[in-house]
Structure formats: structure tokens, C-alpha cells
Amino acid sequence: MLQANEREEIARLWARKLEQDEKKLPQLQRHRNLEPDSAEFICALASGIRAKGLIEIGGSSGLSTIALAVAARLTGGRLTSFEIEETRQQEARGTLAKLNLSQYVNFILGDAGNFLRSQPAVDFVLIDCEKDDYVRFFEMLPLHPGTVVVSDNILSHRLTDYVRYVRGRADIESITLPIGKGLEVSRVREEKLN
Ligand SMILES: C[S@@+](CC[C@H](N)C(=O)[O-])C[C@H]1O[C@@H](n2cnc3c(N)ncnc32)[C@H](O)[C@@H]1O
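Keep in mind that what you see is a predicted model, and the values were worked out from it rather than measured.

Rules behind the numbers
- Residues numbered from 1 in each chain as written.
- Predicted model: local features only at pLDDT ≥ 70, side-chain atom pairs only at ≥ 80, totals over all residues.
- Heavy atoms only, no water.
- Salt bridge = Lys/Arg side-chain N within 4 Å of Asp/Glu carboxyl O.
- Helix = DSSP H or I, 4+ residues; strand = E, 2+ residues; numbered from the N terminus.
- Buried < 20%, exposed > 50% of the residue type's maximum accessible area, 1.4 Å probe, protein only.
- Expected span 1.5 Å × (residues − 1).
- Arc of directions from axis to C-beta.
- Contact = heavy atoms within 4.5 Å.
- Core = buried A, V, L, I, M, F, W, Y, C linked by side-chain atoms within 4.5 Å.
- Near = heavy atom within 4 Å.
- Areas by Shrake-Rupley, 256 points an atom, 1.4 Å probe, with all protein chains shown as cover.
- Nonpolar A, V, L, I, M, F, W, Y, C, P; charged D, E, K, R; others polar.
- Pairing = 2+ DSSP bridges.
- Right-handed = clockwise from strand over helix to strand, strands pointing away.
- Phe/Tyr/Trp six-rings, centres within 6.5 Å; stacked < 30°, edge-to-face > 60°.

With respect to the pattern of salt bridges
Next, step 1: Scanning all chains against the criterion turns up 17 salt bridges.
Next, step 2: Across the pair E184 and R167 runs a salt bridge whose closest N-O atoms are separated by 3.2 Å. Of this pair, E184 sits in strand β7 (residues 183–188) while R167 sits in helix α6 (residues 160–168), and the two are 17 residues apart along the sequence.
Next, step 3: On the accessibility criterion, R167 (43% relative accessible area) is partly exposed.
Next, step 4: Here E190 and R187 are joined by a salt bridge, their closest N and O atoms 2.4 Å apart.
Next, step 5: R187 gets classed as partly exposed once you look at its relative accessible area, which sits at 25%.

Points about helix α4 (residues 86–98)
Next, step 1: The end-to-end C-alpha separation of α4 is 18 Å, in line with the 18 Å expected for 13 residues at 1.5 Å each.
Next, step 2: Listed as buried for α4 are R88, Q89, A92, T95 and L96. In an axial view of α4, the angular spread of the buried residues amounts to 120 degrees, which keeps them on one side of the axis. Turned more than 90 degrees off the buried face of α4, the exposed positions are T87 and K98.
Next, step 3: Where α4 is buried, its residues touch α1 (4–22), α3 (63–75), β2 (78–83) and β3 (105–109).

Topic: unusual backbone geometry
Next, step 1: For R50, which is not glycine, the phi torsion reads 60 degrees and is therefore positive.
Next, step 2: For R50, the location among the structural elements is in the loop between α2 (36–48) and β1 (53–57).

Focus on the nonpolar core
Next, step 1: Ranked by internal contacts, the top residues of the largest apolar core, which has 33 residues, are I42, L54, I66, L68, L101, F124 and V150.
Next, step 2: Within the residue set of this core, elements represented by two or more residues are α1, α2, α3, α4, β3, β4 (124–127), β5 (148–151) and β7.
Next, step 3: Top element by residues in this core is α3. It accounts for eight residues.
Next, step 4: The contact partners of L54, leaving out residues within four places of it in the chain, are A46, L68, A71, A72, R78, L79, T80, V122 and F124.

Examining the site of the ligand
Next, step 1: In the region of the ligand, 22 residues are neighbours, and N33, S64, E83, R88 and D128 sit closest.
Next, step 2: Contact with the protein chains hides 97% of the accessible area of the ligand, taken as 610 Å² for the molecule alone.
Next, step 3: Listing elements by their share of the shell around the ligand, those giving two or more residues are α3 and β2.
Next, step 4: Considered class by class, the residues forming the shell around the ligand number seven nonpolar, eight polar and seven charged.

Notes on the pairing of β4
Next, step 1: In β4, alternate side chains face the same way, and those of F124 and L126 on one face and V125 and I127 on the other are all buried.
Next, step 2: Across four bridges, β1 lies against β4 in parallel orientation. Counted as the bridge partner of E56 is L126 from β4.
Next, step 3: Relative to β5, β4 runs parallel, the two sharing four bridges. Residue L126 lies in a different strand from β5, and its bridge partner there is V150.
Next, step 4: One crossover worth recording links β4 to the parallel β5 by way of helix α5 (residues 134–140), and it is right-handed.

Considering the packing of aromatic side chains
Next, step 1: In the structure shown here, the tally under the stated rule is four aromatic pairs.
Next, step 2: Ring centres 5.4 Å apart and planes at 85 degrees place the aromatic pair Y134 and Y162 in the edge-to-face group. Here Y134 is found in helix α5, whereas its partner Y162 is found in helix α6, with 28 residues between them in sequence. Each member of the pair, Y134 as well as Y162, carries the same accessibility label: buried.
Next, step 3: A relative accessible area of 3% places Y162 in the buried class.
Next, step 4: In this structure an aromatic cluster arises from ring pairing among Y134, F138, Y162 and Y165.

Here it is in C-alpha cells:
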């Protein structure tokens with residue numbers, strides 16, 4: 001569970017995101033953070049499955065990073081957070097330091113596509129980057145039986161190709177949950193298929 005100061009920081013980032021949307025700023029100047037309800041959900045899910053190895057693709061200014069760093073604190077695990085924009089990641093680093101969560105996060109600046117294949121197997125992944133990259137990045141993930149992958153914006157952006165892809169894989173079970181902007185929750189099956 002998130003603590004009060006962590007929720008306050010999430011609320012602050014979310015209020016700023018809504019302001020940026022209201023001003024209709026260009027995409028590069030908006031932070032496009034995860035909805036607070038989705039942050040609560042991924043924190044509960046990742047800690048509930050005792051995820052020790054966690055990855056997020058698209059950390060931006062750190063809203064989802066707070067949620068997953070808290071999950072890592074609860075499980076004794078570690079989050080690897082990929083972000084391609086330096087200023088956003090710098091802000092996330094500052095926020096996580098202020099919350100004493102830095103020790104749970106390995107920040108990597110750059111295109112996640114250059115790093116994913118060399119990561120050790122992980123238990124939990126958040127995909128929250130450019131929508132055209134979802135399938136490509138899913139295919140590069142270091143999965144193992146039981147890994148859970150949550151992807152955002154499924155309903156807001158009608159990501160039907162991605163949903164068709166994950167549901168078409170025999171080794172994955174997957175469901176869309178109407179939380180926030182729509183989360184696809186996919187899990188690598190542990191049982192052997194005939
Ligand atoms: C929707 S925002 C992420 C919001 C973030 N999860 C949060 O809750 O604050 C998408 C982010 O993905 C980053 N991004 C896009 N493509 C990327 C890539 N190939 N590798 C790493 N980060 C990427 C963008 O710079 C942007 O900050």
C-alpha cells in the first residue's frame with residue numbers, strides 16, 4: 001500500500017498533468033502520467049504477486065515510478081525504470097529521492113528497445129510508452145512463467161492490435177480492466193499447454 005506522502009506526490013503530479021491537458025500543450029510538453037487509480041492498482045498487484053524484478057517502460061516524471069518503487073520496497077525487490085527524455089527522468093529522480101525511494105529504482109535513460117533483451121527475467125512489467133511500440137517491446141521482454149505485464153491506455157487509445165496480439169499468444173492469458181484509461185493485464189501461463 002502507498003503511504004500518505006506518496007499519495008500526496010501522486011496527486012500533485014496528477015493535478016499538474018490535468019492542467020497541462022487543459023492548456024492543450026503539445027505532447028512534448030505534457031507528462032501524460034498514469035491515472036492515480038491505476039497507480040494504486042499496479043502497486044497492489046506487483047506487491048501482491050511478490051514481484052522482485054520490476055520494469056517500467058516510460059517512467060516520465062515518475063508517477064508510476066512511485067507506485068512501483070513502493071511495490072519494490074514491500075517485496076525487497078528493485079524497479080528498472082526506462083525513460084527516453086532526460087528532463088522527465090531528472091524530475092522523477094528528484095521526486096523519488098524526496099520520498100526516500102531512490103534505493104529501489106535503477107533509472108536508465110534511453111530507448112528501452114536498446115536494453116530490454118539484455119535484462120534479467122522479471123516478475124512485473126508496466127508498458128506505458130508510445131503505443132506503436134507496445135507489441136515490439138512485449139516481444140523483447142525477459143518473461144518467465146508467472147510474469148505479469150500491465151499496459152496502459154488500452155481503452156483511451158483503442159489498442160485493439162495490441163490486445164489481439166497478447167490474446168493470440170498461447171502462453172499468455174490476458175484481460176482488459178476498466179481502471180483509469182484501461183489496463184491490459186497479461187500473465188505468462190505457468191501451466192504446461194498440450
Ligand atoms: C505516457 S508517458 C509515461 C507516464 C509515466 N508512466 C507516469 O506514470 O508518469 C510515456 C513516456 O514514455 C517515454 N518513452 C517513449 N518512448 C520510449 C522508449 N522507446 N524508451 C523509453 N521511454 C520512452 C516518453 O518520453 C514519455 O515520457
